[in-house]
Amino acid sequence: MGSACSRKRGQLVHEDDLYSARFSKSGSFKWLLHTLPRSNSADVHRRAQGPALGRCPSLVELCVAKVREDMNSYSDFSLLPRDLSQQIFNELVECGGLTEASLGAFRDCDLQDICLGEYPGVTDVWMEVVASQGQSLLSVDISCSDVTDSGLSLLKDCSSMQSLACDYCDQISEHGLKTLSGFLNLTSLSIKKCAAVTAEGAKAFANLVNLVNLDLERCPKIHGGLVHLKGLRKLEKLNLRYCNCITDSDMKYLSDLTNLRELQLSSCKISDFGVSYLRGLHKLAHLNLEGCAVTAACLEVVSGLASLVLLNLSRCGICDEGCENLEGLVKLKALNLGFNHITDACLIHLKDLINLECLNLDSCKIGDEGLFHLKGLMQLKSLELSDTEVGSNGLRHLSGLRNLQSINLSFTLVTDIGLKKISGLSSLKSLNLDNRQITDTGLAALTSLTGLTHLDLFGARITDAGTNCFRFFKNLQSLEVCGGMITDAGVKNIKDLKALTLLNLSQNGNLTDKTLELISGLTALVSLNVSNSRVSNSGLHHLTPLQNLRSLSLESCPVTAAEIKKLRLAALPNLITVRPE
Amino acid sequence: MVGKGEAPAPRDPEEEEEEDTGGVVKLISAEGFEFVIDKKAAMVSNTLRNMLTSPGGFSETRQGEVRFPEISTHILEKICQYFYWSLHYSSGQETAEFPIEPEITLDLMMAANYLDT
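Residues numbered from 1 in each chain as written. Chains lettered and ligands numbered in written order. Predicted model: local features only at pLDDT ≥ 70, side-chain atom pairs only at ≥ 80, totals over all residues. Heavy atoms only, no water.

Looking at an unreviewed UniProt entry, one finds chain B named Elongin-C and attributed to Panicum hallii var. hallii. Recorded under Subcellular location (unreviewed entry), the UniProt text for chain B is reproduced unchanged: "Nucleus". Quoted verbatim from the Sequence similarities (unreviewed entry) field of the UniProt record, the comment on chain B reads "Belongs to the SKP1 family." (UniProt positions renumbered as here; feature names shortened; annotations may be inferred.)

The name an unreviewed UniProt entry gives chain A is Disease resistance R13L4/SHOC-2-like LRR domain-containing protein, with Panicum hallii var. hallii as the organism.

A. Seen up close, the packing of aromatic side chains. By the definition in use, this model includes 11 aromatic pairs over all chains. For the ring pair W85(B) and F98(B), a centre distance of 5.6 Å and an interplane angle of 55 degrees mean the geometry is tilted. With a gap of 13 residues between them, W85(B) in helix α5 (residues 73-90) and F98(B) in the loop between α5 and α6 (105-115) connect regions that are remote in the sequence. Neither W85(B) nor F98(B) differs from the other in exposure class; each is buried. Here the aromatic cluster, defined as three or more aromatic residues joined through ring pairs, consists of Y74(A), F77(A), F89(A) and F106(A). (Phe/Tyr/Trp six-rings, centres within 6.5 Å; stacked < 30°, edge-to-face > 60°. Helix = DSSP H or I, 4+ residues; strand = E, 2+ residues; numbered from the N terminus. Buried < 20%, exposed > 50% of the residue type's maximum accessible area, 1.4 Å probe, protein only.)

B. Looking closely at the sheet that holds strand β1 (residues 24-28) of chain B. Residue and element names in this part refer to chain B. Taken together, the three strands give an open sheet; going across it, the order is β2-β1-β3, and neighbouring strands pair in mixed fashion. Strands at the two margins of the open sheet, each flanked by one partner only, are β2 (34-38) and β3 (65-67). Strand-to-strand twist across the sheet, computed as the mean angle between neighbouring axes with direction ignored, equals 25 degrees. With five bridges joining them, β1 and β2 adopt antiparallel strand pairing. By the bridge assignment, I28 is partnered in β2 with E34. Of the strands in this sheet, β1 and β2 touch α5, which is tilted by about 5 degrees from β2. (Pairing = 2+ DSSP bridges. Axes fitted to C-alpha atoms, helices over the stretch in contact; angles between N-to-C directions. Contact = heavy atoms within 4.5 Å.)

C. Local environment of the side chain of S266(A). Locating S266(A) in the fold gives a position in the loop between β7 (262-264) and α10 (272-275). Here S266(A) falls in the buried class, since its relative accessible area comes to 1%.

D. Spatial organisation of the nonpolar core. In this structure, F106(A), L240(A), L287(A) and L27(B) are the most contacted members of the largest nonpolar core, which totals 207 residues. It is α5(B) that provides the largest number of residues to this core, a total of seven residues. Sequence-distant contacts of L240(A), that is, excluding residues within four places in its chain, are made with L216(A), I222(A), L226(A), I246(A), L254(A), Q264(A), L265(A), S266(A) and C268(A). (Core = buried A, V, L, I, M, F, W, Y, C linked by side-chain atoms within 4.5 Å.)

E. Layout of the packing of helix α3 (residues 59-69) of chain A against helix α4 (residues 82-94) of chain A. Residues and elements named next belong to chain A. It is the contact of α3 with α4, at a shortest axis distance of 10 Å, that shows an interaxial angle of 55 degrees. Taken together, the axes of α3 and α4 lie oblique to each other. For the pair α3 and α4, the crossing hand works out as right-handed. Here V60, V64, V67 and R68 of α3 come into contact with α4, specifically with L84, Q87, I88, E91 and L92. (Parallel < 35°, antiparallel > 145°, perpendicular 65-115°, else oblique. Left-handed = near helix turned anticlockwise from the far one by under 90°.)

F. Highlighting the confidence of the model for chain B. Residue and element names in this part refer to chain B. Averaged over all residues, the pLDDT of chain B equals 82, while 76% of them reach at least 70. Under a pLDDT of 50 for its full length, residues 1-19 has, in the predicted model, three contacts with residues more than four places off or in other chains. Scoring the predicted complex yields pTM 0.84 and, for the interface, ipTM 0.84. (pLDDT = per-residue confidence, 0-100.)

G. View of α4(A). Residue and element names in this part refer to chain A. For α4, which comprises 13 residues, the first-to-last C-alpha distance of 18 Å matches the rise-based estimate of 18 Å (1.5 Å per residue) to within 8%. Along α4, the residues that are buried comprise L84, S85, Q86, I88, F89, E91, L92 and V93. Just downstream of α4 lies G96, where phi reads positive at about 75 degrees. (Expected span 1.5 Å × (residues − 1).)

H. Focus on the interface of chain B and chain A. Facing the 17 residues of chain B at the interface are 19 residues of chain A. Overall, the association of chain B and chain A removes approximately 1,600 Å² of surface from exposure, summing both partners, and the carbon and sulfur fraction of that is 77%. Counting the surface chain B buries against chain A, the share from its top three residues, L106(B), M109(B) and N113(B), is 33%. In this structure, the connection of chain B to chain A is made through zero salt bridges. At the boundary of chain B and chain A, one finds six residue pairs in polar contact (both at pLDDT 80 or more). Contributing elements (two or more residues each) for the side of chain B that touches chain A: α5 and α6 of chain B. Sort the elements by how many residues they give to the side of chain B that touches chain A and α6(B) lands first, with seven residues. The residue inventory of the side of chain B that touches chain A, partitioned by class, reads 12 nonpolar, five polar and no charged. (Buried area = accessible area lost by both parts, 1.4 Å probe. Salt bridge = Lys/Arg side-chain N within 4 Å of Asp/Glu carboxyl O. Polar contact = N/O pair within 3.5 Å; in protein donor to acceptor, adjacent residues only side chain to side chain. Nonpolar A, V, L, I, M, F, W, Y, C, P; charged D, E, K, R; others polar.)

Here you go:
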């Protein structure tokens, strides 16, 4: 019944995650590498259709595909020009056809790129062939592999390497990291979630003076290791998210990295004192302090970072006092102040940040008065007001924000009468009204918003009559209507929303198999939830046309896991998440 | 300022070459075997297109023939077949797969790479 109540999504929200819908596989999910399709659904679609419609495949492409088909009859590509063997290699990786045996054909091929990140079954044996590319090798990705120290050390002569990723490689030790110190041309290095990155292991980084990007996210034992970064003056991007052993004493080694443009420190154990070491980083454009134990006192230092474009202070201990320091950060385009103790008094300091495009005030103590100060932020595209005390009255201050594309009003005090004031925001694409006070009347005021692609009415009290409004929203890609009052008759107004990829109709206890029949034409659906309804085993066959479906939830329905499994095996090969299972 | 609709339509590059795609060209294999194909078909190859349309032209192309001392006859024949297959495919008349015999795949790929097709 976990999905029965209205809920807040994701406990920690990150800018880049917002744009990535990809299923992320981390070390603990290695077993999934063998079961998940390698490409996302869009790719699956593309592969099924061949090259883009209308474009004739080139003869080279046809030959590459032919080689892939007959891969067993090839044992050596080393006489092929490099660009061709590289194309064959990429094609095999892309379609999951590369094996330990077929890899051998690529020995000494002078390949430049070996991207085996998240590829199943990569071990030390594979690294011999990788290493045989010698000085040609420029980039390697062996993330999520079982490569050990000895496999990594085989790469030691590949000193041209510019880019290396070995995220979630849990077989690599402190000792193994020493191999890295020879890669003097490295500009990009990613070693996420690696327990080998310790004060000792990080010594290997000190040599890598050409590094521009360094990603050490989730390295749990990195405390004391940052001292080895202090000479890496070319560093522009440094990711230390979730390195929750990093403390103020580590921060001082970052103070001379004056080329840093992007610094991610969320969930590090740093305080205002630690932030003070960032004072001289004048090129810093992105600073993420989400979940750090800092207070508004650190804003004095932050206010000196005049290049800041993105500032994430979510879940810090920020109060109103000190927020006046935000006033000077006029280049800011994205500001996240969610889950802080700020009130309307803080928002007055934002009124001149006229370049703001994204503002997150989730769960802050702000209300109608505060929104007045946002009136002039004409560039705003995204405004997050979930779980605030904002009500219908405050929305009038937003009616001039013509560029607003996304607004979240879930769990606010907004009622039907307020919605008229946002009905003129014709740029809106995403609207969240997960809120019990919203009814059919409120929805009817919004039919002018024909550009909507995402509409969340999870807890709103929408009835079958209200669903008539959905025909104005032909572009909807995701729709959630879970207030409990929808019947099969209402679903008739959903069946023509052909762009839908996500549909959540759970908690509507009167829906029957007829609903599944009605939505069987929504072939773009990737995710479907009709939990807590009367959908039964005998209706499941209606889902057969939904070939893109990856997630199906029918919790607390009269269906059996066995029947769903039968359907999955017989007709829905892309279905990977199923409830009940 | 001139509105979008009023701007003079740029000349379609395809159109410009139209008068040039008439006629035939001769492709000569390593063994000296000659294939005479429509110029339009030869233009499927970017390499040949460049040769046939570059101002002044290569000496060979002025005479309407191109020699390929490194492409053997059976590969060049296959390539000519592809040119026509590609024309039909692009005009929607071809739906069948282009057949490639396993024993020539690598040689064909290298020649296709050279001809940028």
